[in-house]
Amino acid sequence: MPPPGRGYPQSGGSYSRLPASGSPTYTEAWALVEAARRLAVAIESGPLTSPDVRKAVRDALRLNWRLWTIFQTELSADASPVPIEIRQNMLSLCNFVDTHTVQAMAEPSAEKIATLIEINRNIATGLLESLQAKLQAEEEARAKAPQAPGGKSGGKTESASPEPPKPFNAEA
């Protein structure tokens, strides 16, 4: 690991907004937004004919590709908790991202990279919306639960849900 506050060399510095642990869905959304941000910064940093810009674009594409490879691996696992229809759709999207990334690396263009940015932002938005709906449903269930004397629901001890993550802008 890098020294605290330094980040990895390809990160362009430190991660200033790391997600808190305890919410894999939020972490996945954060990673997608972070990869999209890096892709956007790379293509906005100058002409794609510049060697430095091409390197920044290549590094951002590789990071995004690794992220999607992780998703593909997790979705392919037999023990994946993701419903089969969603798994199949996401695996098809992973395949598209793989193919599109190879094309963008071979012949980088703002349009090709913008497609990947848009995919990341849309999937991150969906993940955040599903997380918000889940947290809201849990809160409503707790509010509806009968209260036993002493303030505990039905005399049973409740398992503490992780604190909801702080929202971030998927358009960042």
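For the structure, see preceding data.
Keep in mind that what you see is a predicted model, and the values were worked out from it rather than measured.

**Points about the pattern of salt bridges**
Tallying each qualifying case throughout the model produces 3 salt bridges. For Arg 38, the salt bridge goes to Glu 34, with nearest N and O atoms at 3.0 Å. Remark: Glu 34 and Arg 38 occur in helix α1 (residues 24-43); sequence separation between them is 4 residues, near one turn of the helix. Glu 34 shares its class with Arg 38; the two are buried. Asp 59 serves as the salt-bridge partner of Lys 55, at 2.8 Å between the closest nitrogen and oxygen. Placement of the pair is Lys 55 and Asp 59 together in helix α2 (residues 51-76), with a separation of 4 residues, close to one helical turn. The exposure class assigned to Lys 55 is partly exposed, which follows from its relative accessible area of 43%.

**A few points about the nonpolar core**
Counting 33 residues, the largest nonpolar core has Leu 32, Leu 39, Val 57, Leu 61 and Trp 68 as the members making the most contacts within it. Going through the elements one at a time, α1, α2, α3 (84-106) and α4 (110-144) are the ones with two or more residues in this core. Among the elements that take part in this core, α1 stands out by supplying 11 residues, more than any other. Trp 68 has contacts with Leu 32, Met 90, Leu 93, Cys 94, Val 97, Ile 119, Asn 120 and Ile 123, leaving out every residue within four places of it along the chain.

**A word on a positive patch on the surface**
Taken together, the side chains of Arg 54, Arg 58, Arg 62 and Arg 66 define a basic patch exposed on the protein surface. With respect to the helices, strands and loops of the structure, Arg 54 is situated in helix α2.

Scoring rules and cut-offs
Residues numbered from 1 in each chain as written. Predicted model: local features only at pLDDT ≥ 70, side-chain atom pairs only at ≥ 80, totals over all residues. Heavy atoms only, no water. Salt bridge = Lys/Arg side-chain N within 4 Å of Asp/Glu carboxyl O. Helix = DSSP H or I, 4+ residues; strand = E, 2+ residues; numbered from the N terminus. Buried < 20%, exposed > 50% of the residue type's maximum accessible area, 1.4 Å probe, protein only. Core = buried A, V, L, I, M, F, W, Y, C linked by side-chain atoms within 4.5 Å. Contact = heavy atoms within 4.5 Å. Patch = residues over 30% accessible without salt bridge, like charges linked within 9 Å, V, L, I, M, F, W, Y side chains within 5 Å. Areas by Shrake-Rupley, 256 points an atom, 1.4 Å probe, with all protein chains shown as cover. Lys, Arg positive; Asp, Glu negative; His and termini not counted. Charge placed at Lys NZ, Arg CZ, Asp CG, Glu CD.

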